[in-house]
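# A closer look at the structure
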Amino acid sequence: MVPGPELLARARLLVAPELSASLVREVERITGRGAEPLGDGEPAGGPLLCVGAALPGALRATAADRLLWFHSVNAGTDPLLAAGPWPAGALLTRTVGRMGERIAQYVLGWVLAECQNVPEYAAQHARAEWRRLPSELVAGQTALVYGTGRIGGAVAGLLRSCGVRTVGVGRTARTGAPPPGFDRVIGAGEDAEVVAEAEELAGARWVVGALPSTGATEGFFGAGRFAALRGATFVNVGRGATVDLGALEGALRGGGVRRAVLDVLAEEPAAPGDPVWRLPRTVITSHSAGITADEDVAVDFAACWEAVREGRRPGLAVDVGRGY
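Here is what the cut-offs are and how they apply
Residues numbered from 1 in each chain as written. Predicted model: local features only at pLDDT ≥ 70, side-chain atom pairs only at ≥ 80, totals over all residues. Heavy atoms only, no water. Pairing = 2+ DSSP bridges. Helix = DSSP H or I, 4+ residues; strand = E, 2+ residues; numbered from the N terminus. Axes fitted to C-alpha atoms, helices over the stretch in contact; angles between N-to-C directions. Contact = heavy atoms within 4.5 Å. Buried < 20%, exposed > 50% of the residue type's maximum accessible area, 1.4 Å probe, protein only. Arc of directions from axis to C-beta. Right-handed = clockwise from strand over helix to strand, strands pointing away. Phe/Tyr/Trp six-rings, centres within 6.5 Å; stacked < 30°, edge-to-face > 60°.

Taking an unreviewed UniProt entry as the reference, the chain is identified by name as D-2-hydroxyacid dehydrogenase belonging to Streptomyces cyaneofuscatus.

Now for the sheet that holds strand 4 (residues 67-72). Pairing within the open sheet is parallel, and its five strands lie in the order 2-1-3-4-5. For this open sheet the edge positions go to strand 2 (35-37) and strand 5 (91-93), each flanked by a neighbour on one side alone. The mean angle between the axes of side-by-side strands here comes to 25°, regardless of whether they run parallel or antiparallel. As judged from the three bridges shared by strand 1 (residues 12-15) and strand 2, these two strands associate in the parallel manner. Bridge pairing links leucine 13 to alanine 35 in strand 2. Relative to the sheet, helix 2 (residues 21-31) contacts strand 1, strand 2 and strand 3 (48-52), its axis offset from that of strand 1 by approximately 160°. Relative to the sheet, helix 11 (residues 294-309) contacts strand 3, strand 4 and strand 5, its axis offset from that of strand 4 by approximately 150°.

Looking now at the side chain of arginine 239. Take arginine 239: it is sitting in the loop between strand 10 (232-236) and helix 10 (245-254). Exposure remark for arginine 239: the relative accessible area of 18% places this residue in the buried category.

Three or more residues of helix 2 are buried, namely Leu23, Val24, Val27, Ile30 and Thr31. In a view along the axis of helix 2, the buried residues occupy a sector of 120°, so they form one face of it. Opposite its buried face, helix 2 presents the exposed residues Ala21, Arg25 and Arg29, each directed more than 90 degrees away.

Taken in spatial order, the seven strands line up as 8-7-6-9-10-11-12 in an open sheet, and their pairing is parallel. This sheet does not close on itself; its edge strands, each paired only once, are strand 8 (184-187) and strand 12 (282-284). Shown here is a sheet whose adjacent strand axes are inclined to one another by a mean of 15°, direction ignored. Together, strand 6 (142-146), strand 7 (165-170), strand 8 and strand 9 (206-209) form the strand contacts of helix 8 (residues 194-203), whose direction differs from that of strand 6 by roughly 130°. Sheet contacts for helix 10: strand 10, strand 11 (257-262) and strand 12; angle to strand 11, the most-contacted strand, approximately 140°.

For strand 6, the tally of buried residues reaches five of five residues, placing the bulk of the element in the interior. Burial along strand 6 is two-sided: the face carrying Thr142, Leu144 and Tyr146 and the face carrying Ala143 and Val145 are both buried. Two strands pair when backbone bridges link them, and strand 6 and strand 7 are joined in this way by five bridges, in the parallel orientation. Residue pairing for strand 7: threonine 142 is matched across the bridge by arginine 165. Note on the crossover from strand 6 through helix 7 (residues 150-161) to strand 7: the handedness is right-handed. Examined bridge by bridge, strand 6 and strand 9 share four bridges and lie parallel to one another.

Tallying each qualifying case throughout the model produces 10 aromatic pairs. Judged by centre distance (5.3 Å) and plane angle (25°), the ring pair of tryptophan 69 and phenylalanine 301 falls under stacked. Taken together, the residues span a long stretch of sequence, with tryptophan 69 in strand 4 and phenylalanine 301 in helix 11 at a distance of 232 residues. In this structure phenylalanine 301 comes out as buried when scored by relative accessible area, which is 0%. Seen from their ring centres, phenylalanine 220 and phenylalanine 221 are 5.2 Å apart, and the 80° between their planes marks the pair as edge-to-face. A relative accessible area of 15% places phenylalanine 220 in the buried class. Here the aromatic residues Tyr146, Phe220, Phe221, Phe226 and Phe234 are joined through ring pairs into a cluster of three or more.

What follows is the structure in structure tokens.
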């Protein structure tokens, strides 16, 4: 629900303590009011506008009816929604910024590094070994990108600019022209598309996960999908819970998955003794592919603020029922 102008005008601005001073000043400038700390205690009376990463338990429990709007400084809002029922009627928006661009460059970087044998040459260098290795061209090969939203579209667009054939996989197949960045889009949730998905998996050189974390995507990349691969590299930049790590390990050891690059895990951070560090031919990059910058938060919050002031639902509003 979009807050009305009268309530918005009276709303107290609460900001998380981890926000930088410069970002807080920018949020104050955008809203035209001073900020107060968003803490564990119950805030004083009046409608509330909050900016942060987490909704404190006290506010969720006792002041939920006063929460007009929560703007998340992160793109993924699943931790917010998993912490308890979302306050009825409260608007939830998120920050995306240039995350799609950053994540797309991350994926392309690993794709090119693999084709140029960067991991192998780094290992040879450590051994002082001189041996030429044949390189591989990316053009003409296929990448399956699971998730056709902002992130998936940015990844597909950058890969396609290098001549990679890009196939998007969404909840349902799309009719008509595919969205920008994709050569084709198929559906993962429709019986008629099962054969098409299996054929694309078998022919893929890279499989990129850019899925949100929802009840429907938990363990999405499991034994069935990994069994369909024929030596593809798996890159996950979506959510860790979408991957069955046991199934991935089996595919890595069996050769169906050539290597894996995991930016996200279901449990973060992984402890030094976690078995995930011992997965063969796998690199873990500590959830760093699309780190949000203060500029991203400020720009996206300003866009949401203008939309709300005009009575429009912001484009970065989250459907709390779907989880994204």
